[in-house]
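Each chain is listed here by its residues.
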Amino acid sequence: MERTMRTPIIAGNWKLNKTISESVALTTALKTLVVDETDVEIIVAPPFTALAAVNDVIVNSNIHLAAQDVYSEDSGAFTGEVSAPMLKDVGCGYVIIGHSERRQYFGETNESVNQKAKAALAHDLKPIICVGEQLEEREAGRTEAVIEDHVTGGIVGLSDTELLSCVIAYEPVWAIGTGKTATPDQAQEVHNFIRGLLTKAYAVEVASQVCIQYGGSVKPENATELMSQPDVDGALVGGASLEAESFAQIVKMAISS
Ligand code: 13P
């Protein structure tokens, strides 16, 4: 299936940055800069505290809202957690799940990623499931094994329809926040491998429609080259999403054909 079947997705993961007023200022500036952009799905993922305020800014615009995590239960005695119905209530359409920082610092596992993805899907939230190898794993020739483990573990038990609501984000851990980007060839190689894994588990018509984003030091300087690869369907942007200008430039570079 042609790449044109997949609308590119550019998402900004703000991580642990921005107060409410800073979030509103950033989103307001971004909204103006990308107002004419079509054929690209634009997403911002502010911290939980700023979701409601950012939603007020983007209502009726072409920008969509994501959270950076979700808990697998809907409600109950789980101090500190935020559930899928709560995220839906505040205006989210997407949620990032299994980011490498959550795997590394907060004990996220493939099993919890899968539970969270199912909870999100049950409430009509689209999961952005993050996968990626560490530097030692790449150097040991284990990239494909790690990616297979993350992808298959994250999507286990999902129906065709559920998979079609998921986005996969390939983020090599060694490229996150380091300024070291995967080369376009390295990215394409892993994206193609991920597409192959999906094709093994699902019909080709389903697997070929799933959007696979690249993340890891994406900047205006390298975004076009990365996204011109046939299986790179957009970007998950950290640092460069914290400034409206640089994020808007990346949005404008999204390649849909
Ligand atoms: P950087 O763009 O800052 O490398 O972060 C990438 C990332 O982790 C997005 O989720």
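Going by the structure above, here's the rest.
Residues numbered from 1 in each chain as written. Predicted model: local features only at pLDDT ≥ 70, side-chain atom pairs only at ≥ 80, totals over all residues. Heavy atoms only, no water.

An account of the packing of helix α1 (residues 20-33) against helix α12 (residues 244-253) is needed here, citing residue identities and associated values.
Remark: α1 packs on α12, axes separated minimally by 9 Å, with the N-to-C direction vectors making an angle of 35 degrees. Here α1 runs over α12; the crossing is right-handed. Between α1 and α12, the residues in contact are Leu26, Ala29, Leu30 and Leu33 and Ala244, Glu245, Phe247, Ala248 and Lys252, respectively. (Axes fitted to C-alpha atoms, helices over the stretch in contact; angles between N-to-C directions. Helix = DSSP H or I, 4+ residues; strand = E, 2+ residues; numbered from the N terminus. Left-handed = near helix turned anticlockwise from the far one by under 90°. Contact = heavy atoms within 4.5 Å.)

Describe the layout of surface pockets, with residues and values.
Taken as a whole, the largest pocket holds about 460 Å³ of empty space. In terms of lining, the largest pocket is formed by 17 residues, of which the most central are Lys15, Gln68, Asp69, Arg102 and Phe106. Class assignment for the residues of the lining of the largest pocket results in eight nonpolar, four polar and five charged. Its boundaries defined by the atoms lining it, the second largest pocket holds a volume of some 240 Å³. In this structure, the second largest pocket is lined by 14 residues; those nearest its centre are Ile9, Lys126, Leu164, Gln209 and Cys211. (1 Å grid on protein atoms, 1.4 Å probe; cavity = no way out; pocket = protein on both sides within 12 Å on 5 of 7 lines; lining within 4 Å. Points joined across faces, edges and corners; volume = space filled by probe spheres on them. Nonpolar A, V, L, I, M, F, W, Y, C, P; charged D, E, K, R; others polar.)

I'd like a rundown of the sheet that holds strand β4 (residues 94-97), residues and numbers included.
Taken in spatial order, the eight strands of this closed barrel run β1-β2-β3-β4-β5-β6-β7-β8, and their pairing is parallel. Sheet twist, expressed as the average angle between the axes of neighbouring strands with direction ignored, equals 25 degrees. As paired elements, β4 and strand β5 (residues 126-131) share four bridges and run parallel to each other. Opposite Val95, over in β5, you have Pro127 as the bridge partner. Sheet contacts for helix α7 (residues 143-155): β5 and β6 (167-170); angle to β5, the most-contacted strand, approximately 155 degrees. (Pairing = 2+ DSSP bridges.)

Before we move on, could you go through unusual backbone geometry and cite the residues and values that matter?
With a phi close to 55 degrees, Lys15 is a non-glycine residue in the positive phi region. For Lys15, the position within the fold is in the loop between β1 (9-13) and α1. Relative accessible area serves as the criterion here: at 22%, Lys15 is assigned to the partly exposed category. Backbone geometry places Lys18, a non-glycine residue, at a positive phi of 85 degrees. Of note, Lys18 is situated in the loop between β1 and α1. In this structure Lys18 comes out as partly exposed when scored by relative accessible area, which is 25%. (Buried < 20%, exposed > 50% of the residue type's maximum accessible area, 1.4 Å probe, protein only.)

Break down the pattern of salt bridges for me, citing the residues and quoting the values.
Under the defined criterion, the tally for this structure stands at 12 salt bridges. The partner of Asp124 in a salt bridge is Lys88, with the nearest N and O atoms 3.7 Å apart. Taken together, the positions of Asp124 in the loop between α5 (110-122) and β5 and Lys88 in helix α3 (residues 84-89) put the pair 36 residues apart, joining distant regions of the chain. Overall, the relative accessible area of 56% leaves Asp124 in the exposed class. Given the relative accessible area of 35%, Lys88 is considered partly exposed. (Salt bridge = Lys/Arg side-chain N within 4 Å of Asp/Glu carboxyl O.)

Describe the nonpolar core, and please don't skip the residues or the numbers.
Formed by 67 residues in total, the largest nonpolar core has its most connected members in Ile10, Leu87, Ile147, Ile155, Ile194 and Tyr214. By residue number, the principal contributor to this core is helix α9 (residues 184-201), which donates six residues. In this view, Tyr214 contacts Tyr170, Pro172, Ala175, Thr181, Ala182, Ala187, His191, Leu226, Val232, Gly234, Ala235 and Leu236; residues no more than four positions away in its chain are not counted. Of all hydrophobic cores here, the second largest spans 13 residues; its members include Ala66, Ile128, Val167 and Cys211. (Core = buried A, V, L, I, M, F, W, Y, C linked by side-chain atoms within 4.5 Å.)

Could you give me a rundown of the state of the cysteines, with the residues and numbers involved?
Using the criterion set out here, one finds zero disulfides in the structure. Cys166 provides the cysteine sulfur closest to Cys130, a residue in no disulfide bond, and the two sulfurs are 12 Å apart. You can see Cys166 has no disulfide; the closest cysteine sulfur is in Cys211, sitting 12 Å from it. (Disulfide = S-S within 2.5 Å.)

So what's going on with empty space enclosed by the protein? Which residues, and what values?
Scanning the model with the defined rule gives one cavity of 30 Å³ or more in all. Computed from the structure, the largest cavity encloses a volume of approximately 30 Å³. What lines the largest cavity is simply Gly98, His99, Ser100, Arg103, Cys130, Val131, Gly132 and Glu171. Every element with two or more residues in the lining of the largest cavity is listed here: α4 (100-105) and β5.

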